[in-house]
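Next come the chains, spelled out residue by residue.
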Amino acid sequence: MRVSFNWLKEFVDIPVGPEELAEKLTQVGLAVEGLEQPGKEVQGVVTARINEVKPHPNADRLVICIVTDGEQEYIIVTGAPNVEEGQIVPLAKVGARLAGGIVLKKAKLRGVESVGMLCAADELGIGEDHEGILILPPDTPIGQDVNPLLGLDDTILELDLTPNRGDCLSIIGVAREVAAIFGSRLKSRCPAFPEIKDTIEGKVRVDIEDPNLCRRYVARMVQDIKIGPSPIWMQTRLSSMGVRPINNIVDVTNYVMLELGQPLHAFDYSTIAGGHIIVRRAVNGERIVTLDGKERQLDSEMLVIADEQKAVGIAGVMGGFNSEVTDNTTAILLESAFFDPASIRRTSRLLGLRSEASLRFEKGIDLEGCARAADRAAELIHQIGGGKVVSAAIDEYPRVYTPKTITVRPARVNDILGVTISVDEMKGILTRLNFNPREDKGHLLVTVPSYRTDIDLEIDLIEEIARLHGYNNVPDTLPFGAGTMGVRTDVQNKEKMVRELLASCGLNEVITYSFIDPKMFDKLRLDEQDALRNAVRLQNPLSEEQSVMRTLLLPGLLDVLARNYYRRNTDVAVFEIGRIFIPSSDFLPEEHLSLGCAVMGQTDGGWKHASRQRDFYYLKGIVEVLMMRLGISQVSFVKDENRTSYHPGRTARVMIAGEEAGVIGEVHPDVLEAFDLPTRVVACEIDLEKILNYGPVKTRFQELPRYPSVDRDLSLLVKKEISCDEVTKVIWQSGKKLLRHVNLFDVYEGEQIPQDWRSLTFSLKFQARDRTLTDEEVTKTMERIVHNATQQLGAQVRGK
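Below: a short report on this structure. Because the structure is a prediction, the values reported are computed rather than measured. (Residues numbered from 1 in each chain as written. Predicted model: local features only at pLDDT ≥ 70, side-chain atom pairs only at ≥ 80, totals over all residues. Heavy atoms only, no water.)

Structural notes on the nonpolar core
Part 1 of the reasoning: Counting residues in each nonpolar core, the largest one holds 51 residues, and the members touching the most others are L8, L21, L25, L157, L159 and I332.
Part 2 of the reasoning: Looking at this core, the element that brings in the most residues is helix 4 (residues 171-182), giving seven residues.
Part 3 of the reasoning: Setting aside its immediate chain neighbours within four residues, L21 contacts F5, L8, I14, V16, L157, V178 and F182.
Part 4 of the reasoning: In terms of nonpolar packing, the next biggest core, distinct from the first, is built from 43 residues, L213, I277, V279 and L367 among them. (Core = buried A, V, L, I, M, F, W, Y, C linked by side-chain atoms within 4.5 Å. Buried < 20%, exposed > 50% of the residue type's maximum accessible area, 1.4 Å probe, protein only. Helix = DSSP H or I, 4+ residues; strand = E, 2+ residues; numbered from the N terminus. Contact = heavy atoms within 4.5 Å.)

Structure (structure tokens):
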């Protein structure tokens with residue numbers, strides 16, 4: 001926000017210069033990023049009158065002007081097309097400095113010596129107009145320095161406002177802050193102007209169809225409009241604030257917006273069918289061409305200004321091309337309204353239209369200031385001779401503003417700020433800020449002015465007191481209290497250990513989005529009735545591709561593998577520890593911590609060892625190592641042919657003590673095709689919360705065995721439908737306390753083996769902690785193992 005120091009002084013007496021004011025404003029929270037002096041480089045330019053204009057003898061496009069500054073006459077050669085005798089213009093004499101640091105020298109133009117220059121607006125640092133010289137009002141004294149006359153002696157303060165201070169997006173808003181800082185009186189007056197006998201009644205009608213989106217609409221009418229340039233003082237002031245002058249009517253609306261913070265819009269009255277303004281929601285698919293000449297498609301969440309036949313503007317964002325004020329306009333309808341900030345923000349964002357008006361509506365304007373702004377615009381139009389103001393105004397105000405009153409506890413103020421401020425000082429600060437405080441039973445009841453839309457709670461008023469009391473007056477104190485050392489919880493330690501272990505196994509940790517595309521469930525071949533399809537849907541998603549919350553980690557991991565594969569990284573092993581979200585009857589969904597792994601390609605090889613395929617058994621081994629490290633012993637893998645996302649013959653449920661804890665398997669070829677993965681992928685997904693609740697975190701020491709072990713091999717013939725896990729369980733159960741280790745080291749199918757049977761060969765290790773085992777003890781145990789395997793599984797000892 002750019003603020004003119006001179007304009008500010010019209011509203012409040014400022015006892016300090018711009019530099020000190022900038023420091024004071026920064027101290028109360030209105031950060032001043034910089035100071036700018038538009039006319040700093042302009043020196044030696046005075047007002048002069050053109051006494052005579054003669055053709056140039058040697059050039060058709062040049063003229064010779066005889067000008068005077070009241071002391072002497074000067075011969076000036078110029079090519080400006082708008083010079084006429086009697087005009088008052090800015091004259092730069094020889095030696096004068098112009099914008100950009102240009103120093104003027106004598107010059108001979110086509111044989112005629114010129115001892116100065118008549119200046120255009122841009123040469124004085126006023127806007128960008130270079131179409132002709134700057135014409136000053138005819139009553140301007142000659143021989144005067146142009147800097148004070150054109151506001152070039154002004155200083156512009158560049159404010160960096162916080163988003164909540166929409167009230168300071170105006171001169172009057174900043175003036176209120178300055179008045180509060182210095183305890184000065186705000187110079188505020190009501191607009192005054194004559195009105196013609198014609199009344200607006202019968203000429204204009206306003207209907208608000210949605211009072212929630214438009215809380216107030218004020219309309220004023222001005223007739224006998226004379227479109228032309230605005231006065232130099234107004235153009236100069238607008239330019240210094242970063243607004244390009246256009247014409248007197250548009251410039252007045254912009255001037256009032258900068259001065260009072262209320263955006264205005266002017267309609268060509270003749271284009272409003274029936275003189276009837278209707279504030280309504282747009283129809284889905286409705287189109288309007290805006291002032292920038294672009295056609296916009298609207299939806300029913302957007303607010304438009306319409307007449308009986310068409311939309312004539314997008315409320316709070318931009319007017320319509322069909323109601324634009326032109327050189328042929330003879331009457332205008334002035335709009336001063338309050339539109340819902342959220343609605344304007346949404347409309348502006350969806351249409352890609354951001355303007356100074358929409359910025360102010362988005363942050364919230366003064367609901368009570370609409371009528372005053374319309375009157376101020378009418379006053380200015382009358383002052384500059386732009387038209388005649390029609391009597392009365394239309395003011396549609398469905399829900400009149402009710403002032404907010406907030407209770408402030410003085411003790412709470414001092415508690416929060418860590419200072420001692422008296423109640424009288426608090427009342428004084430709030431009064432200077434135009435709040436209305438009164439004491440009631442030891443508390444302050446504070447009425448909030450309508451323009452402070454950012455004040456809702458007691459803490460907001462505490463901040464206001466702190467700002468004006470001075471943050472620099474709050475003493476520096478060190479934190480105190482009993483200090484505690486932060487430590488990880490048991491679960492956090494386990495989770496950290498899981499991460500470190502998986503990384504040591506060669507897997508890289510990834511983080512994927514919690515929001516996924518609902519089409520992912522189709523890619524994963526999930527049944528329509530699958531519980532995993534029951535996902536939490538976002539009310540306001542960034543896009544359809546991120547519109548539901550994930551119920552499993554697999555789609556994110558497959559996306560990671562696909563992205564790597566097509567960047568020629570085909571050997572990848574990744575894991576993710578993240579939360580999945582399950583809908584519940586409560587307001588919030590259930591969150592479960594899950595572990596997902598996915599691998600493809602081969603491991604790294606070397607000169608001493610070959611690479612190996614990352615297959616089912618590779619990932620199963622990692623899961624087994626993880627379980628062992630967590631101290632979980634009752635782990636088994638049970639064949640599972642019902643997982644539609646996985647290969648039916650290469651998938652298993654991960655079981656712990658008979659309870660399902662996850663799934664591991666090769667991803668189904670159709671799923672790989674859906675994710676554009678042309679290579680095999682093995683994945684697992686495990687309920688991490690469940691496995692972290694099993695087993696001890698700490699490893700307990702066991703004394704090394706003192707007595708030797710005995711190794712035996714056992715080959716059993718079993719039917720193919722009997723899993724190795726079933727056989728291993730029988731062996732362990734039969735070995736009782738003497739069996740220390742079971743390892744399957746050979747599987748054979750082929751000659752000498754009956755059809756639909758296979759041979760499983762195990763290495764068994766026996767050992768006692770208190771003695772050396774005899775052959776008889778080991779033999780009896782082996783016989784028991786064989787007997788139980790035969791009875792329970794129908795197994796046969798191979799070779800017998």
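So, the pairing of strand 5 (residues 73-78)
Part 1 of the reasoning: One ladder, built from six bridges, connects strand 4 (residues 59-68) with strand 5; its direction is antiparallel. Counted as the bridge partner of C65 is I76 from strand 5. (Pairing = 2+ DSSP bridges.)

Comments concerning unusual backbone geometry
Part 1 of the reasoning: Backbone geometry places N434, a non-glycine residue, at a positive phi of 70 degrees.
Part 2 of the reasoning: Mapped onto the elements of the fold, N434 is located in the loop between helix 11 (423-432) and strand 25 (436-440).
Part 3 of the reasoning: By relative accessible area, N434 is classed as partly exposed at 39%.
Part 4 of the reasoning: The backbone of R568 sits at a positive phi, close to 65 degrees, despite the residue not being glycine.
Part 5 of the reasoning: Position of R568 relative to the elements: it lies in the loop between helix 15 (554-565) and strand 30 (572-582).

Quick notes on the pairing of strand 14 (residues 264-268)
Part 1 of the reasoning: The element strand 14 is largely enclosed, with a buried count of five among its five residues.
Part 2 of the reasoning: Alternating positions in strand 14 separate into two faces, L264, A266 and D268 on one and H265 and F267 on the other, with burial throughout.
Part 3 of the reasoning: Judged from the five bridges that link them, strand 14 and strand 21 (residues 332-339) form a sheet pairing that is antiparallel. When the sheet's bridge partners are listed, D268 is paired in strand 21 with I332.

As for the pattern of salt bridges
Part 1 of the reasoning: Within this structure, the stated rule accounts for 58 salt bridges.
Part 2 of the reasoning: Close ionic contact of E177 with R467 constitutes a salt bridge, the shortest N to O distance being 2.9 Å. Of this pair, E177 sits in helix 4 while R467 sits in helix 12 (residues 458-469), and the two are 290 residues apart along the sequence.
Part 3 of the reasoning: Classification of R467 as buried rests on a relative accessible area of 4%.
Part 4 of the reasoning: A salt bridge links R452 to D454, with the nearest nitrogen and oxygen atoms 2.9 Å apart.
Part 5 of the reasoning: On the basis of relative accessible area, R452 is assigned to the buried category, the value being 2%.
Part 6 of the reasoning: Classification of D454 by relative accessible area gives buried; the value is 15%. (Salt bridge = Lys/Arg side-chain N within 4 Å of Asp/Glu carboxyl O.)

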